[in-house]
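Chains, contacts and geometry: an overview
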Amino acid sequence: RFHIVTWNTGESQEIIKKITGEWPDEYKSRLLFTYHNATYPPGAERGRKPCATLRLYFPEMFPEIDAVVYLDTDTIFLRNPEELWDEFNKFDANHIVGQGPTANYHRYNPGK
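Residues numbered from 1 in each chain as written. Predicted model: local features only at pLDDT ≥ 70, side-chain atom pairs only at ≥ 80, totals over all residues. Heavy atoms only, no water.

The chain is annotated in an unreviewed UniProt entry as UDP-D-xylose:beta-D-glucoside alpha-1,3-D-xylosyltransferase from Meganyctiphanes norvegica. Entered under Sequence similarities (unreviewed entry) in the UniProt record, the comment concerning the chain runs "Belongs to the glycosyltransferase 8 family." The record in UniProt for the chain states the following under Subcellular location (unreviewed entry): "Membrane". (UniProt positions renumbered as here; feature names shortened; annotations may be inferred.)

So this is what it looks like as structure tokens:
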């Protein structure tokens, strides 16, 4: 299940339909897209920057969802996204968040 949060829901929906429409049915049948207009909650307008801070309000926007993998639009998968989702199964009561390495991982971690 993918929750697409965007400033332009209609345009984004059309683009995603066009791209995924060409995928094999075995993949399309496993995907569910839900589109949401990006809006800040009342009182959160101060200091907002488009999309940069919106993810901080996801718990308020989606109180029924207990786990999420957040991706920016410039993220690509090199492996099955289900493998990333399976990482939640490794969490215990002491874990609330995880982060994977980025393209600049080695630059900021000397000795790696």
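This brings us to the side chain of Thr-6. With respect to the helices and strands, the residue Thr-6 is situated in strand 1 (residues 2-6). A polar atom in the side chain of Thr-6 sits 3.2 Å from the backbone nitrogen of Asn-8. Filtering out sequence-adjacent residues up to four positions away, Thr-6 remains in contact with Ser-12, His-36, Asn-37 and Ala-38. (Helix = DSSP H or I, 4+ residues; strand = E, 2+ residues; numbered from the N terminus. Polar contact = N/O pair within 3.5 Å; in protein donor to acceptor, adjacent residues only side chain to side chain. Contact = heavy atoms within 4.5 Å.)

A contiguous nonpolar patch, built from Val-69, Leu-71, Phe-77, Leu-84 and Trp-85 and spanning about 400 Å² of accessible area, is present on the exposed surface. Here Phe-77 is to be found in the loop between helix 3 (58-61) and helix 4 (81-85). (Patch = residues over 30% accessible without salt bridge, like charges linked within 9 Å, V, L, I, M, F, W, Y side chains within 5 Å. Areas by Shrake-Rupley, 256 points an atom, 1.4 Å probe, with all protein chains shown as cover. Salt bridge = Lys/Arg side-chain N within 4 Å of Asp/Glu carboxyl O.)

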